[in-house]
Amino acid sequence: MKKNFFKIATLAAGIITTFALTSCDNNDTMEIPLSEKTITFENVVAPKDFVESGSFQGTAAPIITPGQSVSIKFSAGKAQSLMFATMYGASKDWFFASQQPGIKLFDNNGNAITGDVSSQVLLWDNGTKDNVSGQPESKPIAQVPGVTASQLMKLNLAYNDVSSEFTLTITNTSGGTGHETPFSPGVWAVSNYNGSQLLNSAPFFTPNALSNPEITDIAQMGDITKMVTSLNANTKVMTGLSPALVVVYNGDKNPIYELGQLDAGKGLKEIAQMGNVTKLQNNLKALPNVKGVYIAGNTPVAPGAKVMTQFQSNPGDKIAYVTMFGFSNDWFYANEQSIDANTKGDLTSKTALFDSGTGIDQYPGAGNHQALFGGTPQAESKVIAKVGNVFPVPAVQNVLKVTIN
């Protein structure tokens, strides 16, 4: 969106209106120098398969023996699932895991599933060792016939709606059955979701295909080392960005936000929670010190994409900008430092990630009250502050690049 506050308007009667400075000594006019530049916002996130991952093991010893339980905590939104894997210890190459893409966590109405979800666990034959002799073989991964995994392992889910955090408790219930076994240390992961699909819909392994080294080490030896290394390399918070709002103004006060103050109710909340720029755009237009308001883009900015807008300024003008950290409850990127509107070059170092204080935070990209999952943040009233290190959020320069030319 572009406004030219210094456009020469020719009326039907031929009257010409211009913005000019008149000399005190004569009738000559001096036009105010007008500068037009382009500001670009680029999403430079390198997407990874998983938003969160980890490992688990027994408490007294790494293995989980019959009668023992372990718990893992993780966050997820309604499109996401939990995948985990652990060795059936009394075997040559069997392992427990769910169907792809993992344990279903929300029902079709978006409500969290809690309680006993043992029916979702299955027992798999890795196909790399003969089940009797232990000799190497090469067969596709397949379910173990004749064994009901849910009789050997109990899974129980609990859910905290405020944090969108689940607790999965895994209990070894194989004692006294015909398939009594210890469980090895295990791994778990939640796949990243980009707003339309999971980035990895078949984590860890692919049924009916040959295995891989990571799951093979778990299935044959209960060794999670390779899988943990792989998960660490492929786990990262990512995000989309909203269309960016740009304002040219005069004065010392940034008209978009004020650090340490409550949200002013002028439209920053709508950007920070939903990526909607309309309210702030309209309110900024009405301010006497605002010279122009511009919008870069009209759809979410995915990793690898960029948006831009032209803007006009005069000497002495300043520029400010804001875009939503899309996979959050109420976060936004904005310039932390004052910027001369006639600046050129890379402005990324002048940019910071802020919490608008209007919605309770959840794990970025894994919170059911985030707009990413069609949710609405639960209200809070805190002052605007920089986002801290509660969550593993990438550095600004690894998410956003802002340039003027």
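Residues numbered from 1 in each chain as written. Predicted model: local features only at pLDDT ≥ 70, side-chain atom pairs only at ≥ 80, totals over all residues. Heavy atoms only, no water.

### What about the pattern of salt bridges?
When charged atoms on two side chains of opposite charge get close, those side chains can pair.
Part 1: Counted according to the given criterion, the structure contains 8 salt bridges.
Part 2: The closest approach of N and O atoms between Lys318 and Asp252, which form a salt bridge, is 3.4 Å. Here Lys318, found in strand β20 (residues 318–324), pairs with Asp252, found in the loop between β17 (244–249) and α3 (268–274); they are 66 residues apart in sequence, far enough to count as distant.
Part 3: A salt bridge links Lys291 to Asp317, with the shortest nitrogen-to-oxygen separation between them at 3.0 Å. With Lys291 in strand β18 (residues 290–296) and Asp317 in the loop between β19 (306–313) and β20, the pair connects residues that are 26 residues apart, well separated along the chain.
Part 4: Judged by relative accessible area, which is 22%, Lys291 ranks as partly exposed. (Salt bridge = Lys/Arg side-chain N within 4 Å of Asp/Glu carboxyl O. Helix = DSSP H or I, 4+ residues; strand = E, 2+ residues; numbered from the N terminus. Buried < 20%, exposed > 50% of the residue type's maximum accessible area, 1.4 Å probe, protein only.)

### A word on the sheet that holds strand β14 (residues 153–160)
Part 1: Read across the sheet, 4 strands follow the order β7-β15-β14-β11 without closing on themselves; strand pairing throughout is antiparallel. Two strands in the sheet have a free side with no partner beyond their single neighbour: β7 (69–75) and β11 (115–116).
Part 2: As defined by bridge partners, β11 adjoins β14 across 2 bridges and the pair is classed as antiparallel. Counted as the bridge partner of Asp116 is Asn156 from β14. (Pairing = 2+ DSSP bridges.)

### Re unusual backbone geometry
If a residue is not glycine, its phi is most likely negative; likewise, a peptide bond is most likely trans.
Part 1: Note the cis peptide between Gln100 and Pro101, where omega equals 0°.
Part 2: Its location among the elements puts Pro101 in the loop between β9 (94–98) and β10 (103–104).
Part 3: In this structure, Phe204 takes a positive phi of about 80° despite not being glycine.
Part 4: Along the chain, Phe204 turns up in the loop between β16 (186–191) and α1 (213–221).
Part 5: A residue is classified by how much of its surface remains accessible, and Phe204, at 9% relative accessible area, is buried.
Part 6: Phi at Asn208 is positive, roughly 65°, even though this residue is not glycine.
Part 7: Relative to the helices and strands, Asn208 resides in the loop between β16 and α1.

### So, the pairing of β20
Part 1: Of all the 7 residues making up β20, 7 are buried; the element is thus mostly covered by neighbouring parts of the structure.
Part 2: On β20, burial covers both faces: Lys318, Ala320, Val322 and Met324 on one face and Ile319, Tyr321 and Thr323 on the other are all buried.
Part 3: As defined by bridge partners, β17 adjoins β20 across 5 bridges and the pair is classed as antiparallel. Along β20, the bridge assignment pairs Leu245 with Val322.

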